[in-house]
Amino acid sequence: MPRNIRLSNQSFLTSSVQCCIIDGMEGKKNNKKRVWIVIGVVVAVCVLLLTLGGSLVSYRKTEFIFKNQRDELIDIPTGFNEQQASERLSALKGKNLLFLSDSEIESRLANLSDVKVIGVVKSFPDTVKIYLTMRNAVYYYFNAESGYYYVFDETLRVFSVRTVKPDDSAVRVAGIPLSDFARLEINETVAFAEGKEWRADVLKTVADAFWSLRMDYGRMGDTISLFAFSEGDDGGETLTLELQTGGRFEIIDPRFESEDGKIDLGTRITAVYGAFIDKLNPKDGVYIVNTRGEVIVRSRDE
């Protein structure tokens, strides 16, 4: 009799375990069903937004916002043609903002000569805010064969080609034969021929170095009147920066950079400018900067 009782208890435990297993399996199935229901709802909402919600988040308005090169908000410049810029974007009007890429907007404004896009922000439900800055006339190159002046900004993008000399805010670039250019065209970045690519780096480094000295792009011409490359007797290159004061900087081998990276063109420009603004040094003198970063000051008569 006791043995039969033990068997009955064992059967009861076995049945209980089986019921728990079955309940657990059914619980998992229910959880999976819930997950699939949630996924289905999310997909349905997305489809609804994409198909029916396009008109609610479509591109209708444009805001043009300008910043200066110090990233400060400024008023829209008088020279900016807002109507022309808006017309270039007209084909995009009505597109769903979710699918409208920044590159689509930027590409349509890329050939606006005097401005460049620095940012695009979508403001739902219907507005695109476009951040712009004016291009600065940093350098110009005169092509004696064609009689044209090519004006480019600090990135070396040519944004103006004219027959009249630019004002003194831009610095004339000399000492580069036309054959050294691989590309010199409106709305394109200046490119140099093979073996001469370093000239672009030097031009950009000089502009950036003076910008770091608080000379805004487009105002470098207040200090410098001429940017010129010349070849020395040893075959090495020298960069000459003629100053508005009558003096000049002569930077030996502008491509040089020390192995530890502490001496490069940027640091040498900072050093020579520091010597130039020293009240004890002549403003019409010659400031020679060697590859060690040393500045030698001489009078123009020496």
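The structure we're discussing is the one just above.
Calculation rules
- Per chain, residue numbering runs from 1 following the sequence as it is written.
- Local features in this predicted model are restricted to residues of pLDDT 70 or higher, and side-chain atom pairs are both shown and tallied only at a pLDDT of 80 or more, whereas totals for entire chains, interfaces and linings draw on every residue.
- Note: side-chain values were computed over all heavy atoms of the structure, leaving out hydrogens and water.
- Numbering goes from the N terminus for both helices and strands, where a helix is a DSSP run of H or I of at least four residues and a strand is a run of E of at least two.
- Residue exposure (1.4 Å probe, protein chains only): buried if accessible area is under 20% of the type maximum, exposed if over 50%, otherwise partly exposed.
- What makes two residues a contact is simply this: any of their non-hydrogen atoms within 4.5 Å.
- Shrake-Rupley sampling with a 1.4 Å probe provides the accessible areas, and residues are treated as covered by the protein chains on show and by no other component.
- Distance thresholds for patches are 9 Å for like charges and 5 Å for nonpolar side chains (Val, Leu, Ile, Met, Phe, Trp, Tyr), applied to residues having over 30% relative accessible area and no salt bridge.
- Think of a salt bridge as a Lys or Arg side-chain nitrogen and an Asp or Glu carboxyl oxygen that are within 4 Å of each other.
- In summary, the pairing rule links any two rings of Phe, Tyr or Trp, Trp by its six-membered ring, whose centres are within 6.5 Å, and it sorts them by plane angle into stacked for under 30 degrees, edge-to-face for over 60 and tilted for everything else.
- Polar contact criterion, stated in full: a pair of N or O atoms within 3.5 Å, where within protein one must be able to donate a hydrogen and the other to accept it, and residues adjacent in sequence count only if both atoms are side-chain atoms.

A separate point is the overall build of the protein chain. Looking only at helices and strands, the protein chain has five helices and 15 strands in total. In the protein chain, which comprises 302 residues, the share counted as buried stands at 35%. Of the contacts formed within the protein chain by residues at least 6 apart in sequence, a portion of 49% connects residues at least 24 apart. Of the accessible surface of the protein chain, which amounts to about 17800 Å², a share of 53% is contributed by carbon and sulfur atoms.

A cluster of nonpolar side chains, Val35, Trp36, Ile39 and Val43, forms an exposed patch at the surface whose accessible area comes to about 410 Å². Looking at where Val43 falls in the secondary structure, it is placed in helix α1 (residues 2-51). Take Val43: its relative accessible area is 46%, and that puts it in the partly exposed class.

Within the structure shown, the criterion is met by 16 aromatic pairs. Pairing Tyr139 with Phe152 gives two aromatic rings, centres 6.1 Å apart and planes at 40°, and the pair type is tilted. With Tyr139 in strand β5 (residues 139-143) and Phe152 in strand β6 (residues 148-152), the pair connects residues that are 13 residues apart, well separated along the chain. Residue Tyr139 shares its accessibility class with Phe152, and that shared class is buried.

A few words now on the side chain of Asn96. Among the secondary structure elements, Asn96 is positioned in the loop between α2 (82-89) and α3 (102-109). At 2.8 Å, the side chain of Asn96 and the backbone nitrogen of Leu98 are in polar contact.

With that settled, consider unusual backbone geometry. If a residue is not glycine, its phi is most likely negative; likewise, a peptide bond is most likely trans. Residue Pro125 is bonded to the preceding Phe124 through a cis peptide linkage, with omega at 15°. Residue placement: Pro125 occurs in the loop between β3 (115-123) and β4 (127-134). Of note, the phi angle at Asn187 is positive, near 60°, even though the residue is not glycine. Mapped onto the elements of the fold, Asn187 is located in the loop between β9 (181-183) and β10 (191-192). The exposure class of Asn187 is buried, given its relative accessible area of 15%. If you check the backbone angles, Asp253 has positive phi at about 50° while not being a glycine.

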